[in-house]
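Notes for the structure review
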Amino acid sequence: MYCCPATSVGNSMVEMTTGINEISITSQIVSDQVIKARDSVHGLQTLLGRFKLS
């Protein structure tokens, strides 16, 4: 079956757009997790700051 170059390019563009969207979603998830981890570390630092070493 013959596939014209325009169809092939169109299909490739759809695949790239799908990949970019998946990367964007994954990046947002990772960013959210980093923010949660940072907040947890800050909370731990605050708690540990209450202790004094003698």
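Scroll up a little and you will see the structure.
Summarised in this report is the structure supplied together with it.

Overview of the overall build of the protein chain
Scanning the protein chain for helices and strands turns up one helix and zero strands. Against the 2.2 N^0.38 benchmark of 10 Å for 54 residues, the protein chain shows a C-alpha radius of gyration of 24 Å, more extended than a compact globule. By its C-alpha atoms, the protein chain is 80 × 15 × 10 Å across when sized along the principal axes. Counting across all 54 residues of the protein chain, residues that qualify as buried make up 0%. Of the accessible surface of the protein chain, which amounts to about 5200 Å², a share of 66% is contributed by carbon and sulfur atoms. Considering the protein chain, the positive charge centre built from 4 side chains and the negative charge centre built from 4 side chains are found 26 Å apart.

Side note on the pattern of salt bridges
Under the counting rule described, the total for this entry stands at one salt bridge. Note that Arg38 and Asp39 form a salt bridge whose closest N and O atoms lie 3.3 Å from each other. What makes Arg38 exposed here is its relative accessible area of 53%.

A few points about a nonpolar patch on the surface
On the surface, Val9, Met13, Met16 and Ile20 cluster together into a nonpolar patch covering about 400 Å² of accessible area. Following the sequence through the fold, Met16 ends up in helix α1 (residues 5-48). Under the relative-accessibility criterion, Met16 is labelled partly exposed at 46%.

Here is what the cut-offs are and how they apply
Residues numbered from 1 in each chain as written. Predicted model: local features only at pLDDT ≥ 70, side-chain atom pairs only at ≥ 80, totals over all residues. Heavy atoms only, no water. Helix = DSSP H or I, 4+ residues; strand = E, 2+ residues; numbered from the N terminus. Rg over C-alpha atoms; globule rule 2.2 N^0.38 Å. Buried < 20%, exposed > 50% of the residue type's maximum accessible area, 1.4 Å probe, protein only. Areas by Shrake-Rupley, 256 points an atom, 1.4 Å probe, with all protein chains shown as cover. Lys, Arg positive; Asp, Glu negative; His and termini not counted. Charge placed at Lys NZ, Arg CZ, Asp CG, Glu CD. Salt bridge = Lys/Arg side-chain N within 4 Å of Asp/Glu carboxyl O. Patch = residues over 30% accessible without salt bridge, like charges linked within 9 Å, V, L, I, M, F, W, Y side chains within 5 Å.

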